[in-house]
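What follows is the residue order along each chain.
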Amino acid sequence: MVAVGAHRPGPLKQQNKAHKGGKHSGASRRRSGRVAVKAQPRRRLRDLSRVDRRHQALQLRRQRKEAVLAEKRSLGSRDGPPHLVVLVPLHSSAAAHDTLRLLQSQDSALVRVDEGGAGGFALLCPRLKQRWRFMTTQAGDLHAVLDLAKVADSLLFILDPTDGWDSAGEHCLSCLFAQGLPSYALAVPGGNDLPPKKRIDARKKLAKAIEKRFPEAKLFPLNTEQESSLLLRHLATQKQRHLAFRDRRAHLLAYAAEFVPGQESDLVGTLKVSGFVRGQTLNVNSLVHIVGHGDFQMSQVDAPPDPLSLNPRVVKGQKRSQDMEVLDDAANGADEMEEDVKVLMKADPTKQESLQSEVVPDPMEGEQTWPTEEELQEAEASLKANRRVVKVPKGTSKYQAAWIVDDGEEGNEEDDDDDYEDDDIDEDMMEEAVSQEGESEDEEEPAEEESETMTIPECLRDDQYDEKMEEDEEMLERYKQERMDEMFPDEVDTPRDVPARVRFQKYRGLKSFRTSPWDPKENLPRDYARIFQFQDFSRTRKNLFRQIEKEETEGASVGWYVTLHVCNVPVSVMESFKAGKPLVLFSLLPHEQKMSVLNFLVRRHPSNSEPVKAKEELIFHCGFRRFRASPLFSQHTSADKHKLERFLRPDAALVVTVYAPITFPPASVLVFKQRSNGMHDLIATGSLLSVDPDRLVVKRLVLSGHPFKIFAKMAVVRYMFFNREDVMWFKPVELRTKWGRRGHIKEPLGTHGHMKCHFDGQLKSQDTVLLNLYKRVFPKWTYDPHVPEPVPWVRSESALQVPEVEME
């Protein structure tokens, strides 16, 4: 029996004119008539049959499968870079040394220990045609773990057989999952000293614990050479997980480095970094970013012999760079092969990217031009018309006479609001003023009293406890401010000593926060003259990524062992490498060295509950960069205006706005806060949302008043203002109440700020009248690319919280 398929109309299907529905206006009558020819899309011109569609899907599936297999075969092979595996012990008692010893004891494998400050070792297996490079780090060294995870092909987590991971391991896992986790494996060395029954119970408990963090993950015991061989086979054959921010950029982990001081100073010179190119083709004219140190230019790229060649006696030359084989004794190292080093390419000054990150603003730009003759004549005529005759004492100059006021002008003086500026008096500034007054009083008191000498016991001289109490008081004050902001969002008290029209002169009223217009180009700060802005950021990003995927770039291909000559590098970079810190380089895409306004979409991390205030200095890890900045928090909505949040909310996703170098998304974002003792707490995680200086972050202020007398829809409101002029100034702004009524000010009553208001319904006596004012705010320019090394995380015994396994 043959199944009948559904009918599909062809491209020449008849299209009838739609019914007009009684619309007989002249414009519609002129538009009526013949229907335009329907444009046929290209895909409909060639309709495929069922067999052809099935064959096309089979071809696409086969191409994707072959691409995955080719990626697996190239990684760790002769033509590709070595398989980079990073060992991360997640527990203080995890046997990382035993793991390294087992991995180095492979049969028919050569072990090469890294020289210099790189650390780790290389494992070469000519029989399997595979080569690995293993790097070791500690979970407490946060920057080293995150930097190595940016470039690692696989992560090997070392677990404790009984506890799994401790608090430092939990913190490390949270950061790695937020940054983006590459392929990984879980190894459990040790545990043979436990009794068989306890060993089984511990293994079941550990398997139960890792279900949440690592679903469908397999635990690899690591006690014998056979088990280490199985682990290596799993690392070589597992599917590779891609991180988007590194797949579109060339990156390199330093295998060796050499610093050549400059002629002018020994503190700055050329850094020669050797390593394997990964990700994309590396162009010498592009900029490179050394993670944690900044952006630099390259002058030259060399092709030295490969120190990790699978054939120890013959080193094949790089593709397209040399065709003949060069005999090499790999044991002698690359230092003795200077005569065999070939220069691949040198930088072209006409094509090289500039290091300019900011626009140098012209202070004369936008100034008024020289006036014309007509404007000068008009000015003289206006001066003659406004000339007045005043009696002055003898000997008075014209300048002094201009300041003499007539008796009739004394009563006509008016307040000029333009002479005042909005000081944005925060509570912190008021507290500082009060504290300074208190300190001055305390300083005066000892002068009057007599001082005497006394011996203080040793226990009372310990100020450590008092310092902790001061920190607790500061934290308590922040908790109070956060609680008050939750209970009374954006509400402020109207000042009594300053007129409200002066204090809030930079604020404006909006009829509708969602639909009222706001020009994003008005009243911009001076910092906006220093940044770059795209005409269409999404289109630029799309064209750039399309160019990376389709066009071939000239330079060092993926898998080549090269030496980069990086110019004007401080000597501190080499000192950090010698101290054992990893040296990671990323090539920058066009425009990624320029400053702009970045918006991150983040969510509060559940491990941290301390209040975080806006414009407080935080540490950001965005993609391959890390820096310090003072951000703004705002709501994540689809409108064109976004309300400022004074604190980082724990229950909603917020947008963080900072001044930072341009980065093309996707890129992960980690937000840290530095404690007083130097430790870094993870407070939020998310991703890069956009690069948009025109995003409007609007601060809202709410002035509150109370109904004094209520007459149907009319009411007398007090305590919102305290003088008649302020009521008249804010009269055009719409009022609202907490119970949903809307109204407006009719007229002031008296001289003490009472006002008659009209609402759309009768008020309740317990209701509160509110007036909303808005002002656009901008982040502070506090960008600092140098982030201090965090203090290692304090470990606790165990971070696992799993139910006990019931045994039969």
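The structure under discussion appears in the preceding block.
Predicted, not measured: the structure shown is a model, and the values here were computed from it.

Quick notes on the nonpolar core
Of all hydrophobic cores here, the largest spans 43 residues; its most connected members are Leu155, Phe157, Leu159, Leu176, Leu186 and Phe214. At the level of secondary structure, the elements contributing two or more residues to this core comprise strand 1 (83–89), helix 5 (142–151), strand 5 (154–158), helix 6 (167–179), strand 6 (183–189), helix 7 (196–213), strand 19 (584–587) and strand 26 (668–674). Among the elements that take part in this core, helix 5 stands out by supplying six residues, more than any other. Once residues within four sequence positions are removed from consideration, Phe214 is found in contact with Phe157, Trp165, Leu173, Phe177, Tyr184 and Leu186. Judged by nonpolar contacts, the second largest core, of 30 residues, contains Leu544, Phe620, Phe627 and Leu648.

A closer look at the sheet that holds strand 19
Taken in spatial order, the four strands of this open sheet run 8-19-11-12, and their pairing is antiparallel. Strands at the two margins of the open sheet, each flanked by one partner only, are strand 8 (251–253) and strand 12 (294–296). This sheet shows a mean twist of 25° between the axes of neighbouring strands, independent of strand direction. Bridging between strand 11 (residues 288–290) and strand 19 involves three bridges; their strand directions are antiparallel. Looking across to strand 19, one finds that Val288 is bridged to Ser587. Together, strand 8 and strand 19 form the strand contacts of helix 5, whose direction differs from that of strand 19 by roughly 45°.

Quick notes on the sheet that holds strand 10 (residues 268–276)
The five strands lie next to each other as 9-10-18-13-16, forming an open sheet whose pairing is antiparallel. One side of each edge strand has no neighbouring strand; the edge strands of this open sheet are strand 9 (256–261) and strand 16 (342–346). With direction set aside, neighbouring strand axes in the sheet form an average angle of 25°.

Concerning the environment of Arg736
Summarising the element assignment, Arg736 is placed in strand 30 (residues 735–737). Through-space distance from the C-alpha of Arg736 to that of Asn772 is 8.3 Å; in sequence the pair is 36 residues apart. Excluding anything up to four places from it in sequence, Arg736 contacts Arg700, Val702, Arg741, Arg742, Thr768, Val769, Leu770 and Asn772. For Arg736, the side chain forms a polar contact with the side chain of Asn772, separated by 3.5 Å.

Let's talk about the packing of helix 5 against helix 6
At a minimum axis distance of 11 Å, the contact between helix 5 and helix 6 shows a crossing angle of 35°. Note on packing geometry: the crossing formed by helix 5 with helix 6 is right-handed. Along its contact with helix 5, which presents Leu142, Val145, Leu146, Ala149 and Lys150, the element helix 6 presents His171, Cys172, Cys175, Leu176 and Gln179. For the contact of helix 5 with helix 6, the class distribution of residues is seven nonpolar, two polar and one charged.

Notes on helix 7
Relative to the 26 Å expected for 18 residues at 1.5 Å per residue, helix 7 spans 27 Å between its end C-alpha atoms, a close match to the ideal helical length. Among all positions of helix 7, only Ala202, Leu206, Ala209 and Ile210 are buried. Mapping the buried residues of helix 7 onto a view down its axis gives an arc of 95°, with all of them on the same face. Residues Pro196, Lys197 and Glu211 are exposed on helix 7 and point more than 90 degrees away from its buried face. Taken together, the buried residues of helix 7 touch strand 6 and strand 7 (219–222).

So, how was this worked out
Residue positions are given per chain, counting from 1 as you read along its sequence in written order. Two thresholds apply to this predicted model, a pLDDT of at least 70 for residue-level local features and 80 or more for giving and counting side-chain atom pairs, whereas whole-chain, interface and lining totals are computed over all residues. For side-chain calculations, the full set of non-hydrogen atoms in the structure is used, while hydrogens and water are omitted. To qualify as a nonpolar core, a set must consist of buried Ala, Val, Leu, Ile, Met, Phe, Trp, Tyr and Cys residues joined through side-chain atoms within 4.5 Å. Note on exposure labels: buried denotes an accessible area under 20% of the residue type's maximum, exposed denotes more than 50%, and partly exposed covers the range between, all computed with a 1.4 Å probe on protein chains only. Only runs of H or I of at least four residues qualify as helices and only runs of E of at least two qualify as strands under DSSP, and these elements are numbered from the N terminus. Throughout, a residue-residue contact means that at least one pair of heavy atoms, one from each residue, lies within 4.5 Å. Paired strands, in this sense, are two strands between which DSSP finds at least two bridges. Axis definition: a line fitted to C-alpha atoms, over the contacting stretch in the case of helices. Angles run 0 to 180 degrees between N-to-C directions. In the analysis that follows, any N or O atom pair within 3.5 Å is treated as a polar contact, provided that within protein one partner can donate a hydrogen and the other can accept it, and provided that, for residues neighboring in sequence, both atoms belong to side chains. Definitions for this section: a left-handed crossing has its near helix turned counterclockwise from the far helix by less than a right angle. A right-handed crossing has that turn clockwise. Note on residue categories: nonpolar means Ala, Val, Leu, Ile, Met, Phe, Trp, Tyr, Cys or Pro, charged means Asp, Glu, Lys or Arg, and polar means any other residue, Gly included. Helix span is expected to be 1.5 Å times the residue number reduced by one. In this context, the arc is that of the directions from the helix axis out to the C-beta atoms.

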